[in-house]
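The chain contents come next:
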Amino acid sequence: MPALVHSYVTGQRPLSQATGAVASRPVVRQRPLRRSFSEDTLMGNPARAESFRARKWSNSQPADLDHTGQATEAHSGPGACTTPESALLRMGSDPVLPNVPAPLGTVADSLRASDGQLHAKAPTKPPRTPSLMLPDAPGLPSTYCELVPRVPSAQGTHPGHSCSEPEAPWWEAEEEEEEEDRCFARPQGEVSFCPPGNPSSLLGPQNRPLDPKVLHVLRGLFLEHHADSTALHLLLVDCQAAGLLGVTKAQQAAMGVRSGLELLSLPHGHRLRLELLERLETLELAGALAVLGCTGPLEERAAALRGLVELALALRPGAAGDLAGLAAVMGALLLPQVSRLECTWRQLRQRHTEAALAFEQELKPLMRALDEGSGPSEPGEVALPHVAPAVRLLEGEDLEGPLEESGERLLRTLQGARQMVRNAPKFRLAAARRLQGFRPNPELREALTTGFLQRLLWGSRGARAPRADRLQKFQRVLSILSQCLEPGH
């Protein structure tokens, strides 16, 4: 018994799943009890009570295990004093019943074997203030347990309901919300879903660009998570950044609509559109750095390429359905500084043929169709749509592609934006269902936020510089890294 209690105390293991309580202060019993709490609970069942009384308690010392039968026979002989079967060590989680006087000799015999197992000297008893009350059975003395519950709401509740169900994450609660009656609300101002200055658990208050220690930690984080898990982390952060999930009532009242997908198509969605473009470009640069930062063997860079391809496959429609994240990962793979690495791509085709074929035959045509406005965009298959073409167009940027196709492409992009706004509630429901039961890693989730990536790439001071200057300087850094890896190509 002392060894069992010791394992529960040192390992902080919950005594029961219903309460989640743990024993914190084991106390050596000073006096015997006439009956134990377990025997009292068996009084209503004579058969179980009889079998309980028939049990003989033995010494807890390992050396005394071989003499258990001998000790029983010795105590059962003529003239031997009978020790109460419930005279055991009292631990912090044992119930307390009214003390009944007992012969001191019997107490000494019963405590001899177990005394000192957890403490060489009996510690001072803690104050007997109950932290978790148990209901009193009719006709039995009142009892309590000195427990330390993990969940405060467990205090004073009915047994079997002593611990309330853990609250679902906010992204799962989104699925349960019902659409309210839609009516016009005058917007009050611009809303940001990427507030700067949040404290970081990976970066200090002031950090240098591309801190080697942080890059090493991030590499370990991404290696610990497979592509599907990383895709769900990215979907969660992208949905927050786009205002699809986690939008508060105050934000909805301020922007006059229910989600960011509706806001980005409105005139006062200018700030959100800039934030989404900033996020897309920052993720692209971070993905390219994951490849170009591998200064070791050629196989290491090929493995980094394969990891990005597998992540893109996990983000595609029908999987995670995060088309915004897919566009960022594909943008990293298609950057000139990465696509020019002929030896690295050749190594990918030789060592990771399936990933290379998926990139050429599936991902590149899919990304081309999405940019042209003809790719898959139905809610359910897609959780977060490809917003970059509409955002760029609304911010006055020219559409890429041949000039003779620009008119038709412009119409497709505008029609896709209207359909996206119309289906915003369906996208929100699809994203919440994708994330049902998902429990993210806090550090990996932080590592995918826009603010963290900005500070990682440009440092705490450089992240406050104008966007165009930051992008231009980092493009030069990537070009230098690419030339150092494979010069002359």
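Scroll up for the structure.
Read on for a plain summary of the structure. Position numbers for residues count from 1 along each chain, tracking the sequence in the order it is written. Only residues with pLDDT of 70 or above have their local features reported here, since the model is predicted, and side-chain atom pairs are shown and tallied only from 80 upward, although totals for entire chains, interfaces and linings are computed over all residues. Water and hydrogen atoms play no part in the side-chain values, which are based on all heavy atoms of the structure.

Considering the side chain of T230
So, step 1. Along the chain, T230 turns up in helix 8 (residues 227-241).
So, step 2. By the convention used here, residues are in contact when the closest approach between their heavy atoms is within 4.5 Å. Every residue in contact with T230, bar those within four places of it in the chain, is listed here: F222, H225, L311, L444 and L448. A run of DSSP states H or I qualifies as a helix once it reaches four residues; a run of E qualifies as a strand once it reaches two. Both are numbered from the N-terminal end.

Things to note about the side chain of H352
So, step 1. As for its position among the elements, H352 is in the loop between helix 15 (342-351) and helix 16 (353-372).
So, step 2. The residues touching H352, leaving out its near neighbours within four places in the chain, are E299, A302, A303, R306 and Q347.

Some details on the environment of R455
So, step 1. Looking at the secondary structure, you find R455 in helix 21 (residues 450-462).
So, step 2. Distance from R455 to Q206, taken between C-alpha atoms, is 9.1 Å for residues 249 residues apart in sequence.
So, step 3. Filtering out sequence-adjacent residues up to four positions away, R455 remains in contact with S200, L203, G204, P205, Q206, N207, R208, S460 and A463.

Section: helix 7 (residues 212-224)
So, step 1. With 13 residues, helix 7 should reach 18 Å at 1.5 Å per residue; the first-to-last C-alpha distance of 19 Å fits that figure.
So, step 2. Throughout, exposure labels follow a simple rule: accessible area from a 1.4 Å probe, protein chains only, divided by the maximum for the residue type, with under 20% read as buried, over 50% as exposed, and the rest as partly exposed. When we look at burial in helix 7, the residues that qualify are V214, L218 and L221. The arc enclosing the buried residues of helix 7, seen along the axis, measures out at 60°, which places them on a common side. Counted as exposed and oriented over 90 degrees from the buried face of helix 7: P212, K213, H216, L223 and E224.
So, step 3. Tucked inside the fold, the buried residues of helix 7 contact helix 20 (442-447) and helix 21.
So, step 4. For helix 7, the capping residue at the N-terminal end is D211, with a side-chain oxygen 3.1 Å from the backbone nitrogen of K213. Every helix has an expected span of 1.5 Å times one less than the residues it contains. As used here, the arc is the angular range of directions from the helix axis to the C-beta atoms. Definition of a polar contact: a pair of N or O atoms within 3.5 Å, with one able to donate and the other able to accept a hydrogen when the atoms are protein atoms, and with sequence-neighbouring residues admitted only if both atoms are side-chain atoms.

Bear in mind that shape data such as this cannot, by itself, settle questions of function.
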